[in-house]
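One-letter residues, chain by chain:
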Amino acid sequence: MILSTLNDSKRIEVLNPAFKTALDYIKSNNLLVSSQETQIKLDGDNLFINNSHVKGLKKEEQVLEIHRKYIDIHVLVSGSETIGWSPLEACSKVKVAYKEEDDYGLYDQMAQTYVTLKPGDIFIAYPEDAHAPIISDGEIHKLIVKIRI
């Protein structure tokens, strides 16, 4: 898991060429202000951005999710979002077994750590990072970059 901001993204962009491609696209296309597209394909299924407007869930209602094929970059556009995190190795209560075709599995347990994002913050989840996003008291707008490993 990595926490950063769009303003400080240069230090993480060197970790993966797709990080720079996606974050440059977000910044140069003003996606933090307006975008009506629900999905933006930058490189087919290898690199795309999901544009999500959702009502937040209570911490107790949200479960941990995992992905094996993709790295997620969560970029908060508006609202306040808390994301839970646990190392995958600490997850034991399977709620939904990993589904390769949909690239997700769910664990029915509380996260070990929680962070609260404000607009412009970045949360990066690798396959070993179980995460519980969209915890909020209100509506949130966020971008989720999906990077195929």
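Before reading on, note that the structure itself is shown above.
Treat the numbers as computed from the prediction; the structure is a model and nothing was measured.

**So, the overall build of the protein**
The number of helices and strands found in the protein is two helices and twelve strands. Start at the N end of the protein and walk to the C end: the helices and strands fall as β-α-α-β-β-β-β-β-β-β-β-β-β-β. Its C-alpha atoms give the protein a radius of gyration of 14 Å, within 12% of the compact-globule value 15 Å for 149 residues. C-alpha extents for the protein along the principal axes are approximately 40 × 30 × 30 Å. Taking all 149 residues of the protein together, 50% fall into the buried category. Long-range contacts, defined here as pairs at least 24 residues apart, represent 77% of the contacts in the protein between residues at least 6 apart.

**A few points about the side chain of Asn51**
Here Asn51 lies in strand 3 (residues 47-55). A distance of 2.5 Å separates polar atoms of two side chains, one belonging to Asn51 and the other to His141.

**What to know about the pattern of salt bridges**
Close approach of charged atoms allows side chains with opposite charge to pair. Applying the stated criterion across every chain, the model contains six salt bridges. Salt-bridge contacts for Glu81 lead to Lys142; the nearest nitrogen and oxygen are separated by 2.6 Å. Of this pair, Glu81 sits in strand 6 (residues 81-87) while Lys142 sits in strand 12 (residues 139-148), and the two are 61 residues apart along the sequence. Grouping residues by exposure puts Glu81 and Lys142 together as buried.

**Some points on the sheet that holds strand 1 (residues 2-5)**
Here we have six strands laid out as an open sheet, ordered 1-10-5-12-3-2, and antiparallel in their pairing. Of all strands in the sheet, those with a lone pairing partner are strand 1 and strand 2 (39-43), marking the two edges. Going across the sheet, the axis of each strand differs from the next one's by a mean of 20°, ignoring polarity. Where strand 5 (residues 70-78) meets strand 12, eight bridges bridge the pair, whose relative direction is antiparallel. Opposite Ile71, over in strand 12, you have Ile147 as the bridge partner.

What counts, and at which threshold
- Residues numbered from 1 in each chain as written.
- Predicted model: local features only at pLDDT ≥ 70, side-chain atom pairs only at ≥ 80, totals over all residues.
- Heavy atoms only, no water.
- Helix = DSSP H or I, 4+ residues; strand = E, 2+ residues; numbered from the N terminus.
- Rg over C-alpha atoms; globule rule 2.2 N^0.38 Å.
- Buried < 20%, exposed > 50% of the residue type's maximum accessible area, 1.4 Å probe, protein only.
- Contact = heavy atoms within 4.5 Å.
- Polar contact = N/O pair within 3.5 Å; in protein donor to acceptor, adjacent residues only side chain to side chain.
- Salt bridge = Lys/Arg side-chain N within 4 Å of Asp/Glu carboxyl O.
- Pairing = 2+ DSSP bridges.
- Axes fitted to C-alpha atoms, helices over the stretch in contact; angles between N-to-C directions.

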